[in-house]
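Observations on the model geometry
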Amino acid sequence: MHVYIHVPFCARRCSYCDFAIAVRRDVPSDRFAELVLREWAGWQPHPVWKRSPRVDTLYFGGGTPSRLAPEAVARIIEQVWSDRGMERGAEITLEANPDDVTAAAVEAWRAAGVNRVSLGAQSFAPAVLRWMHRTHDAGQIGKAVELIRGGGIQELSLDLIFGLPGLLDRDWAADLALALALEPDHLSLYGLTIEARTPLARWAARGAVTPVDDDRYAAEFLIAHQALGDKGYEHYEVSNYGRGGRRARHNSAYWRRAPYIGLGPSAHSAMDDERRWNQREWAVYERRLEEGAPVVEGEERLGPQEIRLEELYLGLRTTDGLPAERVPADTSGRWIESGWATVSGGKVRLTPEGWLRLDALVASVSG
Ligand code: SF4
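Given the structure is predicted, the values throughout are model-derived calculations rather than measurements.

Some points on the packing of helix α3 (residues 70-84) against helix α4 (residues 103-112)
Direction vectors running N to C along α3 and α4 enclose 5°, while the axes themselves pass 9 Å from each other. If you check the angle between α3 and α4, you find them roughly parallel. Along the contact surface, α3 presents Pro70, Ala74 and Ile77, while α4 presents Ala105, Ala108, Trp109 and Ala112.

If you want it as structure tokens, here you go:
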């Protein structure tokens, strides 16, 4: 079993972000832990535990989980541990912003059981960080990495964003080099998208920002593939790279269609064909739990066609690939000819050029 906890609190909203967040100067950490654990308690009678009795990965995502008091993080981990037990060597990840990382916080996270930190670096260029409305500066990224390592947390992942508008004149290769100099175990690289109801969408609507063109987006994606490959990182999923066999085990569970429970506002849960998602807003989530009402906003059961589509999409986004018989031979032949896929060991695997067209390729075989 895999457990995701959505911690919605952020110091402010980044210019590109449409996640379910609650901007708070003072984070109600105790309240959050109490309510999430109330939701967790409601999951205990679920029959899925008969098949998957223990927790293999626990992921604090957000929002900004590093703004939660470490005592609240510890309280949640302890409860999960005592109710269900966790696999030996379970992966416990906490997403952190560089400006929240202090020696005391790292020590408390490590003592609570956190063994992996995913650090939201995004860029090392001061002008880019300001444009993104990030709360950290470039110097705080290296300092945070030092503290995380010095504090004994075993695994470190860095997030970067590429595909920024041309007006920023961002030097992507320079940012990659600075990230690689920190020798993270893992990197997640996300292409910028303009999401509705964000500051970025408003800037674009009034013509103050022009989205990056497809050629530059593709070029940056391929520059990263090359630069990270040269340094020994395996590009194992569209957006993810690991070295020394390190992969994000929690996210890999999603791509394998393993069962997971999501706790907190906007969190999703999935097991077999069952899908549920929670109320998006923290205030609504909080009120409903206080009233003893369900926090699930919606649920559905996937039909055979939807399951097939999910398997296609998830299979093609990782280097684990998809059983070759799932793609018609003339289609996979065309993909290979175009340099978008390879076939070996009975699996079709997309190349980086194929990943750039992932949605279109899935659509072409999902009918
Ligand atoms: S810190 Fe992360 S979740 Fe919060 S606003 Fe910025 S991008 Fe969104």
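A word on the sheet that holds strand β16 (residues 341-344)
Strand order in the open sheet formed by three strands is β15-β17-β16, with antiparallel pairing between adjacent strands. Lying at the two open borders of the sheet, with one neighbouring strand each, are β15 (322-323) and β16. Where β16 lies against strand β17 (residues 347-350), four bridges are found, and the strand directions are antiparallel. Bridge assignment links Ala341 to a residue of β17, and that residue is Leu350.

Quick word on the packing of aromatic side chains
Inspection of every chain in the model, using the stated rule, returns twelve aromatic pairs. Judged by centre distance (5.6 Å) and plane angle (85°), the rings of Trp40 and Trp49 are edge-to-face. In this structure, Trp40 and Trp49 share a single accessibility class: buried. Judged by centre distance (6.2 Å) and plane angle (45°), the rings of Phe162 and Phe221 are tilted. With a gap of 59 residues between them, Phe162 in strand β7 (residues 155-162) and Phe221 in helix α9 (residues 214-230) connect regions that are remote in the sequence. This pair shows no difference in class: Phe162 is buried, exactly as Phe221 is. One aromatic cluster is present, formed by Phe9, Phe32, Trp282 and Tyr285 through successive ring pairs.

Observations concerning helix α1 (residues 29-43)
Side chains three or four residues apart in an α-helix point the same way, a direct result of the helix having 3.6 residues per turn. A rise of 1.5 Å per residue sets the reference length of α1, with its 15 residues, at 21 Å; its end C-alpha atoms lie 21 Å apart and thus fit the reference within 8%. Among the residues of α1, those classed as buried are Ser29, Phe32, Ala33, Leu35, Val36, Leu37, Glu39, Trp40 and Trp43.

A few points about the environment of Val128
Examined against the element boundaries, Val128 turns out to sit in helix α5 (residues 126-131). Put simply, Val128 and Leu164 are 36 residues apart on the chain and 8.9 Å apart in space, counted from C-alpha to C-alpha. For Val128, the residues in contact, after removing those within four places along its chain, are Ser123, Leu164 and Arg170.

Regarding the side chain of Arg134
Residue position: Arg134 is located in the loop between α5 and α6 (138-150). The charged side chain of Arg134 is buried without a salt bridge, its nearest counter-charge being Asp99 at 6.3 Å. There is a polar contact of 2.9 Å between the side chain of Arg134 and the side chain of Asn97.

With respect to the environment of Phe162
Judged by its relative accessible area of 3%, Phe162 is buried. In sequence terms Phe162 and Thr342 are 180 residues apart; their C-alpha atoms lie 26 Å from each other. Phe162 has contacts with Arg170, Trp172, Leu189, Tyr190, Gly191, Leu192, Tyr217, Glu220 and Phe221, leaving out every residue within four places of it along the chain.

Conventions used here
Residues numbered from 1 in each chain as written. Predicted model: local features only at pLDDT ≥ 70, side-chain atom pairs only at ≥ 80, totals over all residues. Heavy atoms only, no water. Axes fitted to C-alpha atoms, helices over the stretch in contact; angles between N-to-C directions. Helix = DSSP H or I, 4+ residues; strand = E, 2+ residues; numbered from the N terminus. Parallel < 35°, antiparallel > 145°, perpendicular 65-115°, else oblique. Contact = heavy atoms within 4.5 Å. Pairing = 2+ DSSP bridges. Phe/Tyr/Trp six-rings, centres within 6.5 Å; stacked < 30°, edge-to-face > 60°. Buried < 20%, exposed > 50% of the residue type's maximum accessible area, 1.4 Å probe, protein only. Expected span 1.5 Å × (residues − 1). Lys, Arg positive; Asp, Glu negative; His and termini not counted. Salt bridge = Lys/Arg side-chain N within 4 Å of Asp/Glu carboxyl O. Polar contact = N/O pair within 3.5 Å; in protein donor to acceptor, adjacent residues only side chain to side chain.

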